[in-house]
Amino acid sequence: MIVTAHQPQYLPWAGYFDKMDRADAFVLLDSVQFKKGEWQNRNRFKTDRGSTWVTVPVQHSFGQLIGEVLINPRDRTWAHKHTQALRTWYGATFHYEPVAARLEPIWNSDWERLAPLNVATIEALAGLLGISTPLVPAAELPPMPEQADERLIAICSELGADTYLAGAGGPGYMDMERWQEAGIEVIVHDFTHPVYDQPFGDFLPAMSAVDLLCNCGSDALDVLRTANRR
């Protein structure tokens, strides 16, 4: 059994879902520290001038866990802006309608915390892609050790996994000897970004998976798997 884990991101990119597609369980690390300026409250859409950020405004303090981060209640325009951005930059694509139909109800809902919003967007995009890997919020598991390796080893043990799928940079900071002692094999996510037709000129990688879905529709998962030889 292969387990992988990642922080719940907002409208994640294709690599996030490729990692999910290769695992038997995908753990959402909502019980780790929020990192400002990364991908936990923002992502990118392709535009006629390159790309644009779609950002969820948050209230947070240093050291706060992702699951504790609040959406800024004073900014009531962000969801409308994201709806408009999707319509503006992807409204003319062949597969805009089913993507909008899944995301607009999310944006039209009231959200107090960031993590549940992120999980809703992850579930929506995974569903559109046709990925059925179970999502396991870390907060719903028993208390885990604080140290990163020990936490992930404990998660694998709790879920009965014999293999952990690490990110590309994982071996650079993981204590591989400790994993060997625990009897859990570590494999590394080797991701090749698919290239497909996009509007607005040359291909631009690392957009939200919204881009893949709007441009490839029901073929999106095959495009993802073919690029990674699966």
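Quick note: structure is the one above.
Everything numeric in this text was worked out from a predicted model, so none of it was measured.

A. Broad picture of the nonpolar core. Judged by nonpolar contacts, the single largest core of 69 residues is most densely connected at F17, L86, L103 and V210. Broken down by element, this core gets its largest block of residues, 10 residues, from helix α4 (residues 114-129). If near-sequence neighbours (up to four positions away) are discounted, L86 is found in contact with F45, G91, Y96, A100, L103, W107, V210 and C214.

B. Expanded view of the packing of helix α3 (residues 96-107) against helix α7 (residues 209-216). Relative to each other, α3 and α7 sit at 140 degrees, their axes nearing to 7 Å. With respect to their mutual orientation, α3 and α7 come out oblique. Taking contact as the criterion, the partners of Y96, V99 and L103 in α3 are, on α7, V210, L213 and C214. A class-by-class count of the residues in the contact of α3 with α7 yields six nonpolar, no polar and no charged.

C. Up close: the side chain of S208. Assignment of secondary structure puts S208 in the loop between β9 (185-188) and α7. Excluding residues within four positions of it along the chain, S208 makes contact with L11, P12, W13, N43, R44, F45 and L125.

D. Broad picture of the sheet that holds strand β2 (residues 25-28). Read from one edge to the other, the open sheet built from five strands follows the order β7-β2-β1-β8-β9, with strand pairing classed as parallel. In this open sheet, the two strands that pair with only one neighbour each are β7 (135-137) and β9. With strand direction ignored, the average angle separating the axes of adjacent strands in the sheet is 30 degrees. Sheet analysis places strand β8 (residues 163-166) next to β9, joined by four bridges and oriented parallel. Bridge pairing in β9 links L165 to I187. Sheet strands touched by helix α5 (residues 148-159): β1 (2-6), β2 and β8. Its angle to β1, the strand with the most contacts, is close to 135 degrees.

Definitions and cut-offs
Residues numbered from 1 in each chain as written. Predicted model: local features only at pLDDT ≥ 70, side-chain atom pairs only at ≥ 80, totals over all residues. Heavy atoms only, no water. Core = buried A, V, L, I, M, F, W, Y, C linked by side-chain atoms within 4.5 Å. Buried < 20%, exposed > 50% of the residue type's maximum accessible area, 1.4 Å probe, protein only. Helix = DSSP H or I, 4+ residues; strand = E, 2+ residues; numbered from the N terminus. Contact = heavy atoms within 4.5 Å. Axes fitted to C-alpha atoms, helices over the stretch in contact; angles between N-to-C directions. Parallel < 35°, antiparallel > 145°, perpendicular 65-115°, else oblique. Nonpolar A, V, L, I, M, F, W, Y, C, P; charged D, E, K, R; others polar. Pairing = 2+ DSSP bridges.

Any link to function would need more than the numbers given here.
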